[in-house]
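Notes for the structure review
The chain contents come next:
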Amino acid sequence: WYQRRVREKKSDIEMYHAMQSTTKGSKREDPLKILDPSSKKLVTVESQRIMAVLDDTICKIRLVTLLPELTQNTEKYANIISDDIRAMLKEHYTLETQYSKVFLLQEEEETVAHTGSAKRGGLDGDVEQMSYESLCTYRGQLQQQIRHSTRSIVRLFSRNHSALEAVLKHVSERPSAATSLISTSNNLRSIIMEKLLTTREEEEERSRYIQQIIQREVKASVEVKKLEGLLQEASEEREADLNKRNVEIKKLKSDLAQLQKSSNETNKRIKSDSMKQELTDTKTSDGKCDRLNQSIAQLRTQLAQAVAEHRQSEQILRSRKIKTESALETWIVKYDTDMGERQDEFEQIEAVYKVEKQQLEDLEERFAVLEEEYNRIIEERRINAELKAEEERRLRLLTKAAVVIQAHWRSYATRKKLKQKKKGKKGKKGK
């Protein structure tokens, strides 16, 4: 709602500006242009004389306000002023000094008259011996002389334009009141210049334009009052809305305080319950710890007993192992002896076989020509083949037996080495 009211007020203001912009569109571009005079130069001789007099007056004011600085520092500005001007400045400075003394004496006389003091001090010469009436008369004379001296100095500077321009350019120390007077004079010159440049028709047109501006201002003030009324209504409505929201905020704060109070009570109750539960759990855990410690002590006793029993059984098994190893070594020696005897027998048989084979070959060569003996030789060959097959079978059996014996021997030797290594490791652990 508040934003809607603001948008309505903005639309009213924009409508007012649009209404104002439709009037005199050409003059709206520069509203103050009509106030400027159409002519930029003075046409009549009287106006030119007026401005010349005003400019001369401003120049003399600038010069006169610089006299205190020039009279006190004549030597400093000796290069820009002539000798006659410097002499006049010294005389003027003397008159100003004398005037200051008389002014101080008059103030002392007035102070004596008010306070009843008996004596003057601080000044010398004939002036100090004068009465109060004489001082007043003498002060008037000094004022008249200072006026004549000032006029003479101004006339000398007006005749010497180079000196005047040099002084106005290089000397700038003057009192603040004098600076204000010069600024006011310049403003007065601008106003008079504008008045002299403005014709009667321009003055009438300016008056009409000002009346139109006044009428517009009146209309604008009415619109402003209307908008201010709308703004006041919107502000009051917004204030009522804010008051309503403040009441709701206070209510919510009270509810929040009650909720916080109840939550604090709930937290306290939960803390007390948790502390009670913690105490109960602590007692229960202490009982469990005691029972577990008793169980640990019992298990440690059982472990010690089991270790003692296992050590006895280990000793018995080690003695059995020693006996088994000694018996195994005996059997291995016996096996080696038997195998050596069989190997010798096998070698003898093989030598006989070779001799007989040689003989068979001799006989086959001898009776190869005879056809009669062919069958007998065939038969013998068959018999020999059978014998050879038998011998070969026997040889294969012997070879297989030798391979099996060698395999058993190698496995025995390997097992013996492994047992010796294990025995050495166990002996080290036992130690």
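In short, a report on the structure. A quick note: this is a predicted structure, and the numbers were derived from the prediction, not measured.

Some thoughts on the overall build of the chain
- The secondary structure content of the chain amounts to 10 helices and zero strands.
- In the chain, the succession of α and β elements from N to C terminus is α-α-α-α-α-α-α-α-α-α.
- A total of 431 residues make up the chain; the buried ones form 17% of that total.
- In the chain, once contacts between residues fewer than 6 apart in sequence are set aside, the share between residues at least 24 apart is 76%.

Observations regarding the packing of helix α3 (residues 45-65) against helix α7 (residues 161-170)
- Look at α3 against α7: their axes get within 10 Å of each other, and the N-to-C directions meet at 65 degrees. Every pair of crossing elements has a handedness; the one defined by α3 and α7 is left-handed. Taking contact as the criterion, the partners of Cys59, Arg62 and Leu63 in α3 are, on α7, Leu164, Val167 and Leu168.

Quick word on the nonpolar core
- Leu70, Ile81, Ile85, Leu89, Phe157 and Val167 are the most contacted members of the largest nonpolar core, which totals 20 residues.
- For this core, the secondary-structure elements that each account for two or more residues are α4 (67-72), α5 (83-115), α6 (132-159) and α7.
- Take this core: its biggest share by element is five residues, from α7.
- Among residues more than four places away in sequence, those in contact with Val167 are Leu63, Leu66, Leu70, Ile80, Ile81 and Phe157.
- Counting seven residues, the second-largest nonpolar core is a separate cluster that includes Tyr99, Leu135, Leu142 and Ile146.

Here we look at the pattern of salt bridges
- Counted according to the given criterion, the structure contains eight salt bridges.
- With its nearest N and O atoms 2.4 Å apart, the salt bridge here joins Arg86 to Asp83. Note that Arg86 and Asp83 are positioned in helix α5 at a spacing of three residues, about one turn of the helix.
- Owing to a relative accessible area of 16%, Arg86 belongs among the buried residues under this scheme.
- For Asp83, a relative accessible area of 56% gives the class exposed.
- Here Asp241 and Arg245 are joined by a salt bridge, their closest N and O atoms 3.5 Å apart.

Considering the environment of Ser131
- Position of Ser131 among the secondary structure elements: in the loop between α5 and α6.
- The class of Ser131 is partly exposed, set by a relative accessible area of 34%.

Observations regarding α3
- Over its 21 residues, α3 extends 30 Å from the first C-alpha to the last, a length consistent with the 30 Å expected when each residue adds 1.5 Å.
- Ser47, Met51, Leu54, Ile58, Leu63 and Thr65 are the residues of α3 that are buried.
- Along its buried surface, α3 packs onto α4, α6, α7 and α8 (176-197).

Comments concerning a nonpolar patch on the surface
- Together, Ile210, Ile214, Val218 and Val222 make up a nonpolar patch on the protein surface, roughly 320 Å² of accessible area in all.
- If you trace the backbone, Val222 turns up in helix α9 (residues 200-366).
- Judged by its relative accessible area of 49%, Val222 falls in the partly exposed class.

Some thoughts on a negative patch on the surface
- Among the surface-exposed residues, Asp338, Glu341, Asp344, Glu347 and Glu350 lie close enough to one another that they form a single negatively charged patch.
- Within the secondary structure, Glu350 sits in helix α9.

Thoughts on the environment of Lys195
- Mapped onto the elements of the fold, Lys195 is located in helix α8.
- Of the residues examined, Lys195 reaches a relative accessible area of 53% and is grouped as exposed.
- For the pair Lys195 and Ser47, spaced 148 residues apart in the sequence, the C-alpha separation amounts to 9.7 Å.

Section: the side chain of Glu69
- Locating Glu69 in the fold gives a position in helix α4.
- Summary of buried charges: Glu69 has no salt-bridge partner, and the nearest side chain of opposite charge, Lys76, is 4.4 Å away.
- Ignoring any residue separated from it by four or fewer positions in sequence, one finds Glu69 in contact with Lys76, Tyr77, Val171 and Glu173.

Considerations on the packing of α3 against α6
- Relative to each other, α3 and α6 sit at 115 degrees, their axes nearing to 11 Å. The way α3 lies across α6 gives a crossing that is right-handed. Residues Lys60, Leu63 and Val64 of α3 form the contact with α6, whose own contacting residues are Thr150, Val154 and Phe157.
- Looking at the contact of α3 with α6 residue by residue, the class counts come to four nonpolar, one polar and one charged.

Looking at the side chain of His92
- In this structure, His92 sits in helix α5.
- Within the structure, His92 has its side chain in polar contact with the side chain of Glu96 (distance 2.9 Å).
- Beyond its immediate chain neighbours, meaning those up to four positions away, His92 contacts Leu67, Thr71, Ile146, Ser149, Thr150 and Ile153.

Digging into a positive patch on the surface
- The grouping of Arg147, Arg151, Arg155 and Arg159 at the surface amounts to a positive patch.
- Note on placement: Arg151 falls in helix α6.

Reading the values: rules and limits
- Residues numbered from 1 in each chain as written.
- Predicted model: local features only at pLDDT ≥ 70, side-chain atom pairs only at ≥ 80, totals over all residues.
- Heavy atoms only, no water.
- Helix = DSSP H or I, 4+ residues; strand = E, 2+ residues; numbered from the N terminus.
- Buried < 20%, exposed > 50% of the residue type's maximum accessible area, 1.4 Å probe, protein only.
- Contact = heavy atoms within 4.5 Å.
- Axes fitted to C-alpha atoms, helices over the stretch in contact; angles between N-to-C directions.
- Left-handed = near helix turned anticlockwise from the far one by under 90°.
- Core = buried A, V, L, I, M, F, W, Y, C linked by side-chain atoms within 4.5 Å.
- Salt bridge = Lys/Arg side-chain N within 4 Å of Asp/Glu carboxyl O.
- Expected span 1.5 Å × (residues − 1).
- Patch = residues over 30% accessible without salt bridge, like charges linked within 9 Å, V, L, I, M, F, W, Y side chains within 5 Å.
- Areas by Shrake-Rupley, 256 points an atom, 1.4 Å probe, with all protein chains shown as cover.
- Lys, Arg positive; Asp, Glu negative; His and termini not counted.
- Charge placed at Lys NZ, Arg CZ, Asp CG, Glu CD.
- Nonpolar A, V, L, I, M, F, W, Y, C, P; charged D, E, K, R; others polar.
- Polar contact = N/O pair within 3.5 Å; in protein donor to acceptor, adjacent residues only side chain to side chain.

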